[in-house]
Amino acid sequence: MLFDSHAHLNSERYNGGDLEIIAEAIEKSDLAYVMDIGYDLASSVAAIEHAKKYPWCYAAVGCHPHDAKTMDEAALIMFKGLAKKPKVKAIGEIGLDYYYDHSERDVQQYWFRRQIQLALELTMPIVIHDRDANDDVMRILKEEGVFSRSRIEKLGDAKLLMHCFSGSKELAHQYVKLGAAISIAGPITYKNARKIIEVVEEIPLEHLLIETDSPYLTPEPFRGKRNQPDYVEYTARKVAEIKGLSYEEVARITCNNAKKFYTIE
Ligand code: NI
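Report on the accompanying structure. (Residues numbered from 1 in each chain as written. Predicted model: local features only at pLDDT ≥ 70, side-chain atom pairs only at ≥ 80, totals over all residues. Heavy atoms only, no water.)

### Focus: the coordination of the nickel ion
Next, step 1: Taken together, His-6 (NE2), His-8 (NE2), Glu-93 (OE) and Asp-213 (OD) make up the full set of protein donors to the nickel ion, lying 2.1 to 2.3 Å away.
Next, step 2: One can describe the donor arrangement at the nickel ion as irregular, given that its 4 donor atoms subtend angles of 85 to 171° at the metal.
Next, step 3: Each donor residue of the nickel ion belongs to the same chain, with the gaps between them written as H-x1-H-x84-E-x119-D.
Next, step 4: Since its relative accessible area comes to 0%, His-6 is described here as buried. (Donors = N, O, S within 2.8 Å, 3.2 Å for Na, K, Ca; no water. Tetrahedral: all angles 85-135°; square planar, octahedral: opposite > 155°, others 65-115°. Buried < 20%, exposed > 50% of the residue type's maximum accessible area, 1.4 Å probe, protein only.)

### Let's talk about the sheet that holds strand β1 (residues 2-7)
Next, step 1: The strand order across the open sheet built from 8 strands is β1-β2-β3-β4-β5-β6-β7-β8, with neighbouring strands paired in parallel fashion. Edge strands, defined here as strands with exactly one partner in the open sheet, are β1 and β8 (208-210). Within this sheet the neighbouring strands show an average axis-to-axis angle of 30°, counted without direction.
Next, step 2: On top of the sheet, helix α4 (residues 105-121) reaches β4 (88-97) and β5 (126-131); it is set at about 160° to β4, its chief contact.
Next, step 3: Along the sheet, helix α9 (residues 232-243) contacts β1, β2 (31-37), β7 (181-184) and β8; its crossing angle with β8, the most-contacted strand, is approximately 145°. (Pairing = 2+ DSSP bridges. Helix = DSSP H or I, 4+ residues; strand = E, 2+ residues; numbered from the N terminus. Axes fitted to C-alpha atoms, helices over the stretch in contact; angles between N-to-C directions. Contact = heavy atoms within 4.5 Å.)

### A few points about the packing of aromatic side chains
Next, step 1: For the coordinates displayed, the defined rule picks out 11 aromatic pairs.
Next, step 2: Here the aromatic rings of Tyr-231 and Tyr-234 are separated by 6.3 Å at their centres, their planes lie at 75°, and the arrangement is edge-to-face.
Next, step 3: Classification of Tyr-234 as partly exposed rests on a relative accessible area of 26%.
Next, step 4: Feature note: the residues Phe-3, Tyr-33, Tyr-58, Phe-261 and Tyr-262 constitute an aromatic cluster, connected by ring pairs. (Phe/Tyr/Trp six-rings, centres within 6.5 Å; stacked < 30°, edge-to-face > 60°.)

### Regarding the pattern of salt bridges
Next, step 1: By the definition in use, this model includes 14 salt bridges.
Next, step 2: Among the ionic pairs, Asp-101 bridges to Arg-105, the shortest N-O distance being 2.9 Å.
Next, step 3: Two residues, Glu-144 and Arg-113, come together in a salt bridge whose shortest N-O distance is 2.7 Å. A residue pair is termed long-range when its members are at least 10 positions apart, and Glu-144 in helix α5 (residues 134-144) and Arg-113 in helix α4 qualify at 31 residues.
Next, step 4: With a relative accessible area of 17%, Glu-144 lands in the buried category.
Next, step 5: Linked by salt bridges that have partners in common, Arg-113, Asp-136, Arg-139, Glu-143 and Glu-144 make up one network. (Salt bridge = Lys/Arg side-chain N within 4 Å of Asp/Glu carboxyl O.)

### Thoughts on the layout of surface pockets
Next, step 1: Computed from the structure, the largest pocket encloses a volume of approximately 680 Å³.
Next, step 2: Lining the largest pocket are 25 residues; nearest its centre among them are His-64, Asp-97, His-129, Arg-131 and Asp-213.
Next, step 3: At the level of elements, β4 and β5 are the ones that each hand at least two residues to the lining of the largest pocket.
Next, step 4: With 3 residues, β5 is the largest single contributor of residues to the lining of the largest pocket.
Next, step 5: Class assignment of the residues belonging to the lining of the largest pocket gives a composition of 5 nonpolar, 9 polar and 11 charged.
Next, step 6: Of the voids in this model, the second largest pocket is the one considered here, and its volume is about 260 Å³.
Next, step 7: Along its surface, the second largest pocket is lined by 14 residues, and Ser-166, Pro-187, Asn-192, Ala-193 and Ile-196 are the ones closest to its centre.
Next, step 8: Among the residues forming the lining of the second largest pocket, the class breakdown is 8 nonpolar, 3 polar and 3 charged. (1 Å grid on protein atoms, 1.4 Å probe; cavity = no way out; pocket = protein on both sides within 12 Å on 5 of 7 lines; lining within 4 Å. Points joined across faces, edges and corners; volume = space filled by probe spheres on them. Nonpolar A, V, L, I, M, F, W, Y, C, P; charged D, E, K, R; others polar.)

Written out as structure tokens, the structure reads:
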């Protein structure tokens, strides 16, 4: 059993009937769960629709840092309503992206904080996007109290997932020590994956989840094609190779980790 802890079935790149074909592929594969992750209001609504339609699908709602410039108070209230819908299991993906800077950095930071506050208010897990913003992401998470004792006591850990982790092994250790989990995506299968391989070597499997971030970040041997959730198998196989474990064991443990993180029975 596999769990794709981060996918965008809500992406417009699956429009035009492709989603039905992908759903069939998912149903024929080892994949038991897919978390469809919102990146703005419309995609969050779409994720909830998918969760309603497919028994294996769950949803996260939130505004990506790229789209922070589209946020306002009314949108935040809408997100709060969406977060309470059935099968919505997390706030995300939220964070900072200083690589593309599609929104001004102060605007990104402002809505990152407001969405963290929403997740804390609703006592929900948080899915983080961090690209070239390691220091500010960590600082803001700390300042907003994501690692507070009261949250950890209520939830068992910080319920924070570092999606498509690309930082150093030292940073991964810091997050795990604070009660966060690390998600590994397709780039682990690429030739230049040295840094992320070190993370997988160092961090115990109980703190690792796996994901596709489909339609992006397609793993080998399909790199260059559009990604889809059942390809998470290739990331699981690579993690198994690095850890010296069987594919089945990595699939089972990372699936259980994701079910626990997202509180799915
Ligand atoms: Ni994503």
